[in-house]
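# Structural features, examined
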Amino acid sequence: MGLDKIWVFAEAQGDSVASISLEILAKAREIADTVEVFMSGDGDDHAEELGDHGATTVYATGDLDGSLQGSAVASAVAAGIDSGDFDLPDAFILGTTQDGRDVAGRLSVKLDAPVITNVVDLELDGDALVGTEPVFGGSTNVKTRFTSDKVAIFLVRPKSFEAESVGGAEADVEDLDVPDLGAAGGAKITDSFAEETEGPRLDEAAIVVSGGRGMGEKDAFSMIEDLAKILGAAPGATRAIVDSGWVPYSYQVGQTGKVVKPTVYIASGISGATQHLVGMKGSKNIIAINKDSEAPIFAVADLGIIGDVHKVMPKLIEALNNR
Amino acid sequence: MKVVVCVKQIPDPADPGELDPETKTLKRDVKLILDESDSYGVEMALQLVDDAGDGEVHLVSMVPKNEVSGLRTALAMGAASATLISDECLSGSDALGTAKVLAKAIAAQEPDLVLSGTESSDGYTGTVPAQIAELLGLPSVTFAKEISIEGSTAKVKRQTEAGYDDVECPLPAVVSVTAGVVEPRYPSFKGIMAAKNKPVEELTVEALGLDPANVGWAGSRQDIIDIAAAPVREAGEIIEDEGDAHERIVAFLDELKVL
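Each chain carries its own residue numbering, running from 1 in the direction its sequence is written. The order in which chains are written sets their letters, starting at A; the order in which ligands are written sets their numbers, starting at 1. Where totals are concerned, whole chains, interfaces and linings use all residues; where local detail is concerned, this predicted model gives features only for residues with pLDDT of at least 70, and gives and counts side-chain atom pairs only at 80 or more. Excluding hydrogens and water, the side-chain values take into account all heavy atoms of the structure.

A word on the environment of A:Lys284. Checked against the element boundaries, A:Lys284 lands in the loop between helix 7 (274–280) and strand 17 (285–290). The classification of residues rests on relative accessible area computed with a 1.4 Å probe and restricted to protein chains. Under 20% of the type maximum is buried, over 50% is exposed, and intermediate values are partly exposed. For A:Lys284, a relative accessible area of 56% gives the class exposed. Note: C-alpha distance between A:Lys284 and A:Glu198 (86 residues apart in sequence) is 24 Å. Whether two residues touch is decided by their heavy atoms; if any such pair falls within 4.5 Å, the residues are in contact. Sequence-distant contacts of A:Lys284, that is, excluding residues within four places in its chain, are made with A:Lys261, A:Pro262, A:Thr263, A:Asp302 and B:Arg233. Only DSSP runs of H or I covering at least 4 residues are called helices, and only runs of E covering at least 2 are called strands; the numbering of each starts at the N terminus.

Take a look at the structure:
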């Protein structure tokens, strides 16, 4: 027996619905009879895709005129609940993204409802939802449930579930009215910039080639880019070298970056700090090259090469180029 | 300009401790250090106050057992003073409980700007900044990589999936700062000595005007029903490079049919 109704916060990515939102929809549909979506922007743009992934209704705010989503969406949802327009759902599920966390944080205060964060699995125990959260860098899994009668708010990490098109009919689109936000809504986006990227998206690529501090210096990262290009892969990086300014944040794999689950993950000069491991250890096959035989990355590697990346990588690039 | 920075004192990540199977909360009988994620907020605050020409940085932090070692690090970096909410009832606090406590302590300071890390290195919920802002009725900009103050407006470059957004936000506001965007200064010897005498006001939860039942483990309204080791990956093939390891990689990629 499933739950009656789950709400999902959906985010747009360009013209499409973000993968994290479709992943959540797949799980929500599995555990609840009705799945409704809340989002900012124009619901009509996404009603077909959301319906195809199992949503019946999309409540959309329309253009926020530069306002950040956190205050606007949380206020709109809370106002709808207060006015009795919405029947409370069994759970509200959002992605562990920048805006997902803003909406969840703001809404949790408005509803005085706690949030279970960093969820990688959801299951039903009777009629209660139980979330699984990895702790201590993923070495331990904790299962948590709510004991209050408030709406159960869950923040789900990307790549926890597989998105699935189920051929549902286009979702109904309803207006989600944003009330006056007062001072809390004061932040406005005045301009947006996107990093130039080539090749596949980091979180969608079949192969990811990542570099870490063991590459030695910024210039050596070109080997990562070269190998990625040959393999049709996406280049990635550890937080250490993003923080050092070698590559932009959009390259970062790990707890505070992207979660990736490619067919092959090649970790080059990466020691395997827990911060990094949680972002990539779901990869199907992991190849690690590191000169320190004690590096934790070797504990998750299917093929581990104890060696100098500056010797192994150039030969690997040459060998693949000669094929 | 008065900047309040939220800082968390955590067990050293190199020695992360474990969950107490009895209480299901983190064992905290180790020395706590300043969360590295928060050192960026402290540094950013010090730089903004420097740029403004006047003002000061005040810290707020909460712990169950009056630990101050992490706070002293931030004071040694240059913060002027701190509020420490120390109360055993705070043990097991979730993000919302944490935000309720910090928001009360922040409000008493009447700051122009509230800074925090984007998420702690041990709990990493990443919801506390937005929760504090909502509790205080303030605007918030999370995931800031750059902040400048112009008059009564904060101009923030906010990290996004694709790049960044320019965001303008009237003060007072809550801004969370991503790691690595500034270089946190090392406390000087002089700073370390001075920090010993900087004022740290210690308060209990009740002194803040909050009900202990709404914070800590009780306030989190959650039950941990299971703690288990995560599945471990099967051990792989580990070889030492003898000059031909690249051939093994190519063969491995061939086996996977990804070439």
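Looking now at the sheet that holds strand 1 (residues 3–9) of chain A. In a beta sheet, neighbouring strands are held together by backbone hydrogen bonds and run either parallel or antiparallel to one another. All names here are of chain A. Strand order in this open sheet of seven strands is 7-11-6-1-4-5-12, and the pairing throughout is parallel. If you trace the sheet from one side to the other, it starts and ends with strand 7 (115–119) and strand 12 (172–175), each paired once. Across this sheet, the average inter-strand angle for adjacent strands is 25°, counted without regard to direction. Two strands pair under a simple rule: DSSP has to find at least two bridges between them. In this sheet, strand 5 (residues 57–60) lies alongside strand 4 (residues 32–39) in parallel orientation, the contact comprising four bridges. Each bridged residue has a counterpart across the sheet, and for Val37 the counterpart in strand 5 is Val58. Throughout, an axis means a line fitted to C-alpha atoms (over the contacting stretch in the case of helices), and angles, computed between N-to-C directions, take values from 0 to 180 degrees.

In summary, the pairing rule links any two rings of Phe, Tyr or Trp, Trp by its six-membered ring, whose centres are within 6.5 Å, and it sorts them by plane angle into stacked for under 30 degrees, edge-to-face for over 60 and tilted for everything else. By the definition in use, this model includes ten aromatic pairs over all chains. When the centroid spacing of 6.0 Å and the interplanar angle of 90° are considered together, the rings of A:Trp7 and A:Phe92 count as edge-to-face. On the criterion of sequence distance, the pair formed by A:Trp7 in strand 1 and A:Phe92 in strand 6 (residues 91–95) is long-range, its members being 85 residues apart. Taken individually, A:Trp7 and A:Phe92 each receive the classification buried, so the pair is uniform in this respect. Ring centres of A:Phe193 and B:Tyr164 lie 4.7 Å apart, and the angle between their planes is 25°; this geometry places the pair in the stacked category.

Looking now at the domain arrangement of chain A. Size of an interface: often given as the accessible area lost when the parts come together. Residues and elements named next belong to chain A. As annotated, the domain borders come from an automatic or database domain assignment. Looking at chain A, the domain boundaries give domain 1 (3–185) and domain 2 (207–321). For domain 1 and domain 2, the distance between their C-alpha centroids amounts to 33 Å. Simply put, the buried area is the total loss of 1.4 Å probe accessible area from both parts when two parts are fitted together. Both sides of the domain 1 and domain 2 interface together cover about 680 Å² of buried area, and 45% of this is carbon and sulfur. Ranking the residues of domain 1 by area buried against domain 2 places Gly137, Arg157 and Lys159 at the top, with a combined share of 67%. The salt bridge criterion pairs a side-chain nitrogen of Lys or Arg with a carboxyl oxygen of Asp or Glu, the two atoms within 4 Å. Along the contact surface separating domain 1 from domain 2 lie zero salt bridges. Distance and chemistry together define a polar contact, namely a pair of N or O atoms within 3.5 Å, with one atom able to donate a hydrogen and the other to accept it when in protein, and with adjacent residues in sequence counting only for side-chain atoms on both sides. The interface formed by domain 1 and domain 2 holds one residue pair in polar contact (both at pLDDT 80 or more) in total.

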